[in-house]
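# Observations on chain architecture
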Amino acid sequence: MASWRHLGVFFAMFAALALLSGCSLPGTSSSSKTVVTVAYGSTYVFDTTPLANKWWNGIKTQFDKKYSNAEVKLVPIGGSYTDIVNKLSLLYRSSSTAPDVAQLPTAQIGEWASSGYLLPLNNLVTKSSWWSTFPKVVQSEGIFGGQIYAVDTGENDSMMYYNMTMFRKAGLPVPWHPKTWQDLLTASQKIKAKLPGVIPMWLNAGTSSGTNGILQGGGNLINGASNPTIYDSATKKWVVDSPGLREVLTFYHSIFSQGLGAPISDLFNPAAVTVPLSLFQKGQLAIAVGSNYYGGNWTKTICAPCWPQATQIMGAVPIPTINGQAPGSASTLGGWDLAIYKKTKDQTAAWNLLDLMENKDNQINAANWAGFVPPNLAYTKDPLFVNFAPPYNAVSAQVLPNSTITPSSADYSVWGQGFNEATGALAQKPSTTVDSAIGILKSYVTNQLGASKVETLH
């Protein structure tokens with residue numbers, strides 16, 4: 001019988017051979033690989049859950065194959081935009097549950113960065129092949145306090161969608177090229193007069209969609225107003241009254257006091273931002289301030305809801321500025337970014353995963369399957385993107401450079417709630433005055449943040 005000493009020598013030799021050959025000892029784990037966790041929205045971000053599964057499982061397969069010493073663990077988060085934000089906030093509270101990499105909505109980056117959860121990426125992005133291809137406005141959305149905390153993986157911008165068949169019936173020009181907000185009102189008024197029973201214009205209002213409703217609604221008007229400032233970076237104060245805000249709320253007042261807007265039951269629906277997709281398809285809506293993902297949702301590939309006739313019926317154009325002032329169009333800009341946890345155990349592996357997700361094939365697939373605009377300007381011109389949902393993807397790429405990012409601040413949600421309450425009042429009670437709507441915004445934000453954090457611009 002062999003002595004324990006001899007057995008020890010035997011096992012030591014066996015272990016050494018196992019290490020040299022890349023095999024593992026019997027009874028041990030399959031490997032000592034670094035596990036990189038990645039959290040993401042599994043049912044909300046992509047157009048369909050199967051497409052989300054296809055993209056994320058593809059990322060895992062690519063990474064695991066490319067990096068033999070590491071592997072990806074997927075952490076899907078189901079539910080709505082709010083569910084994703086709340087779940088990520090819970091995961092970040094403990095280093096044992098915080099994901100190494102996370103897909104974050106742009107509006108929340110500042111909040112998590114200021115809480116110390118995210119790793120500054122300044123030194124890493126400069127080594128990448130793709131960072132320099134992002135427009136400055138896209139690069140800046142992940143910057144907070146001078147540090148880069150997140151990089152974009154897909155943008156959402158907005159445009160005007162219009163039913164060309166209805167326009168012809170109402171005696172409106174096709175193609176339509178609105179130059180001012182008055183052009184939008186005039187078209188809506190003609191639709192109401194000529195096509196009773198049709199909703200002339202969709203413009204998000206109320207609190208049901210949170211700040212996402214601003215991104216796909218009133219925020220586009222704010223960016224096209226004569227003074228688009230909502231956060232004064234010089235004074236570090238939130239604007240609760242200004243000529244620009246009054247212009248926007250006056251437009252809301254015109255839409256809803258004249259009966260040109262959508263019913264409250266649709267506007268106050270938790271899924272309000274997607275309601276126009278089905279209203280257009282049912283022939284119940286003429287015009288909408290809508291997001292770039294509409295066209296992709298109508299294609300045969302996505303079918304959510306599939307509407308192959310859309311290209312013959314629906315036109316799309318940039319949203320004009322209030323008086324046609326330069327640059328002539330305006331849009332919000334926000335989407336989903338990738339960030340690395342500050343206390344990740346392997347920054348290199350986490351960065352390698354992030355870098356993989358930014359390559360051309362993955363970015364174009366994400367854009368087409370999730371209704372994004374690729375952050376890389378070269379990819380916006382690629383036939384695989386442009387021809388996926390013509391003519392809508394081409395318009396969304398045209399809009400991108402003139403878009404404005406959402407303020408990256410933890411207090412933005414407070415300002416947004418106040419703005420949404422103001423627009424909700426105008427929609428629900430059309431007799432609400434612009435002064436009253438401004439009062440609602442000012443009162444809410446001041447009560448939440450304090451008088452020292454708000455200001456009026458003249």
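Just so we're clear, the structure is a prediction, and the values are computed from it rather than from any experiment. (Residues numbered from 1 in each chain as written. Predicted model: local features only at pLDDT ≥ 70, side-chain atom pairs only at ≥ 80, totals over all residues. Heavy atoms only, no water.)

## So, the environment of Ala-410
The criterion, for reference: Numbering of helices and strands runs from the N terminus; a helix is a DSSP stretch of H or I covering at least four residues, while a strand is a stretch of E covering at least two. Using a 1.4 Å probe on the protein chains alone, a residue whose accessible area is under 20% of its type maximum counts as buried, one over 50% counts as exposed, and one in between counts as partly exposed.
The residue Ala-410 is located in the loop between strand 14 (403–405) and helix 21 (412–428) in this model. Here Ala-410 falls in the partly exposed class, since its relative accessible area comes to 33%. Expressed as a C-alpha distance, the spacing of Ala-410 and Ser-114, which sit 296 residues apart in the sequence, is 8.0 Å.

## Describing the pattern of salt bridges
Note the following rule: Salt bridge criterion: a side-chain nitrogen from Lys or Arg within 4 Å of a carboxyl oxygen from Asp or Glu.
All chains considered together, the criterion is met by five salt bridges. In this structure, Arg-246 engages Asp-241 in a salt bridge whose closest nitrogen and oxygen atoms are separated by 2.9 Å. Asp-241 gets classed as buried once you look at its relative accessible area, which sits at 9%. Each of Asp-241, Arg-246 and Asp-435 takes part in salt bridges that share partners, so that together they form one network.

## Side note on the sheet that holds strand 12 (residues 314–317)
For clarity, the cut-off: For two strands to pair, DSSP has to find at least two bridges joining them. Simply put, an axis is a line fit to the C-alpha atoms, just over the touching stretch for a helix, and the angle between two N-to-C directions goes from 0 to 180 degrees. By the convention used here, residues are in contact when the closest approach between their heavy atoms is within 4.5 Å.
The sheet built from four strands is open, its strands ordered 8-11-7-12 with mixed pairing. In this open sheet, the two strands that pair with only one neighbour each are strand 8 (199–202) and strand 12. For this sheet, the mean inter-axis angle between neighbouring strands, taken without regard to orientation, is 20 degrees. Bridge count between strand 7 (residues 158–163) and strand 12: four bridges; the pairing is antiparallel. Across the sheet, Met-160 pairs through a bridge with Val-317, a residue of strand 12. Together, strand 7 and strand 12 form the strand contacts of helix 20 (residues 392–399), whose direction differs from that of strand 7 by roughly 145 degrees.

## Details of unusual backbone geometry
For the bond from Val-174 to Pro-175, the omega torsion is 0 degrees, close enough to zero to count as cis. Phi is positive for Lys-236, close to 60 degrees, though the residue is something other than glycine. The residue Lys-236 is located in the loop between strand 9 (231–232) and strand 10 (237–241) in this model. A relative accessible area of 57% places Lys-236 in the exposed class.

## Quick notes on the sheet that holds strand 15 (residues 454–456)
As summarised here, the arrangement of the three strands in space is 9-10-15, forming an open sheet in which the pairing is mixed. A single partner strand is all that each edge strand has here, and the edge strands are strand 9 and strand 15. Pairing geometry for strand 10 and strand 15, over three bridges, is parallel. Directly across from Val-239, in strand 15, lies its bridge partner Glu-455. Seen against the sheet, helix 22 (residues 434–449) touches strand 10 and strand 15 and runs at an angle of roughly 155 degrees to strand 10.

## Details of the environment of Leu-267
Mapped onto the secondary structure, Leu-267 falls in helix 12 (residues 264–267). Expressed as a C-alpha distance, the spacing of Leu-267 and Thr-207, which sit 60 residues apart in the sequence, is 9.0 Å. The contact partners of Leu-267, leaving out residues within four places of it in the chain, are Trp-202, Leu-203, Asn-204, Ala-205, Ser-208, Phe-256, Ala-262, Ala-272 and Ala-427.

## Structural notes on the packing of aromatic side chains
Note the following rule: Ring pairs shown here join Phe, Tyr and Trp side chains whose ring centres sit within 6.5 Å, with only the six-membered ring taken for Trp; geometry is labelled stacked below 30 degrees between planes, edge-to-face above 60, and tilted in between.
Applying the stated criterion across every chain, the model contains 32 aromatic pairs. Each ring, one from Tyr-92 and one from Tyr-117, has its centre 5.2 Å from the other, and the planes form 10 degrees; the classification is stacked. Pair noted here: Tyr-92 is in helix 3 (residues 81–92) and Tyr-117 is in the loop between helix 4 (109–114) and helix 5 (122–125), with a separation of 25 residues, a long-range link. Aromatic rings pair up to connect Tyr-161, Phe-280, Tyr-293, Tyr-294, Trp-298, Trp-307 and Tyr-392 into one cluster.

## Quick notes on the side chain of Gln-363
Position of Gln-363 among the secondary structure elements: in helix 17 (residues 360–370). Assessed through its relative accessible area of 1%, Gln-363 is described here as buried. When near neighbours in sequence (up to four residues on either side) are disregarded, Gln-363 contacts Thr-153, Gly-154, Met-357, Glu-358, Pro-375 and Tyr-379.

## Section: the side chain of Ser-42
We apply this condition: Pairs of N or O atoms within 3.5 Å make up the polar contacts considered here, provided that, within protein, one atom can donate a hydrogen while the other can accept it, and that residues adjacent in sequence are counted only when both atoms are side-chain atoms.
For Ser-42, the position within the fold is in the loop between strand 1 (34–41) and helix 2 (49–66). Looking at Ser-42, the relative accessible area reads 10%, which means it is buried. At 3.5 Å, the side chain of Ser-42 and the backbone nitrogen of Gly-78 are in polar contact. Residues contacting Ser-42, with those up to four places away along its chain left out, are Thr-49, Ala-52, Pro-76, Ile-77 and Gly-78.

## Here's the deal with the nonpolar core
To be explicit about the condition: Among buried residues, the Ala, Val, Leu, Ile, Met, Phe, Trp, Tyr and Cys ones that are joined through side-chain atoms within 4.5 Å form a nonpolar core.
In this structure, Phe-46, Trp-298 and Trp-415 are the most contacted members of the largest nonpolar core, which totals 145 residues. Not counting residues up to four positions away in its chain, the partners in contact with Phe-46 are Leu-51, Ala-52, Trp-55, Trp-56, Ala-366, Trp-369 and Ala-370.

## Description of the confidence of the model for the protein
Selection rule: You can read pLDDT as the predictor saying how much it trusts each residue, on a scale of 0 to 100.
Across the protein, the average pLDDT comes to 91, with 92% of residues at or above 70. Low pLDDT, under 50, characterises residues 1–30; the predicted model gives this stretch seven contacts beyond four residues in sequence or across chains.

## Some remarks on helix 8 (residues 181–194)
Put simply, the rule reads: Working rule for helices: expected span equals 1.5 Å times residues minus one. By construction, the arc corresponds to the directions joining the helix axis to the C-beta atoms.
For helix 8, which comprises 14 residues, the first-to-last C-alpha distance of 20 Å matches the rise-based estimate of 20 Å (1.5 Å per residue) to within 8%. Listed as buried for helix 8 are Trp-181, Leu-184, Leu-185, Ala-187, Ser-188 and Ile-191. One side of helix 8 carries all its buried residues, which in axial view fall inside an arc of 165 degrees. For helix 8, the exposed residues set more than 90 degrees away from the buried face come down to Ala-193 and Lys-194. Looking at the buried positions of helix 8, the neighbouring elements they touch are strand 7, helix 7 (164–169), strand 8, helix 10 (218–224), helix 11 (243–257) and strand 11 (285–291). Structurally, the start of helix 8 carries an N-cap: the backbone nitrogen of Gln-182 is 3.3 Å from a side-chain oxygen of Thr-180.

## Comments concerning helix 3
In an α-helix, one full turn covers 3.6 residues, which means residues spaced three or four apart are oriented alike. With twelve residues, helix 3 extends 17 Å from end C-alpha to end C-alpha; this agrees with the ideal 16 Å at 1.5 Å per step. Buried residues of helix 3: Tyr-81, Ile-84, Val-85, Leu-88, Ser-89, Leu-91 and Tyr-92, and no others. Seen end-on, helix 3 carries its buried residues on one side only, within an arc spanning 165 degrees. Tucked inside the fold, the buried residues of helix 3 contact strand 1, strand 2 (70–77), strand 3 (101–105), helix 4, helix 9 (210–215) and strand 13 (331–340).

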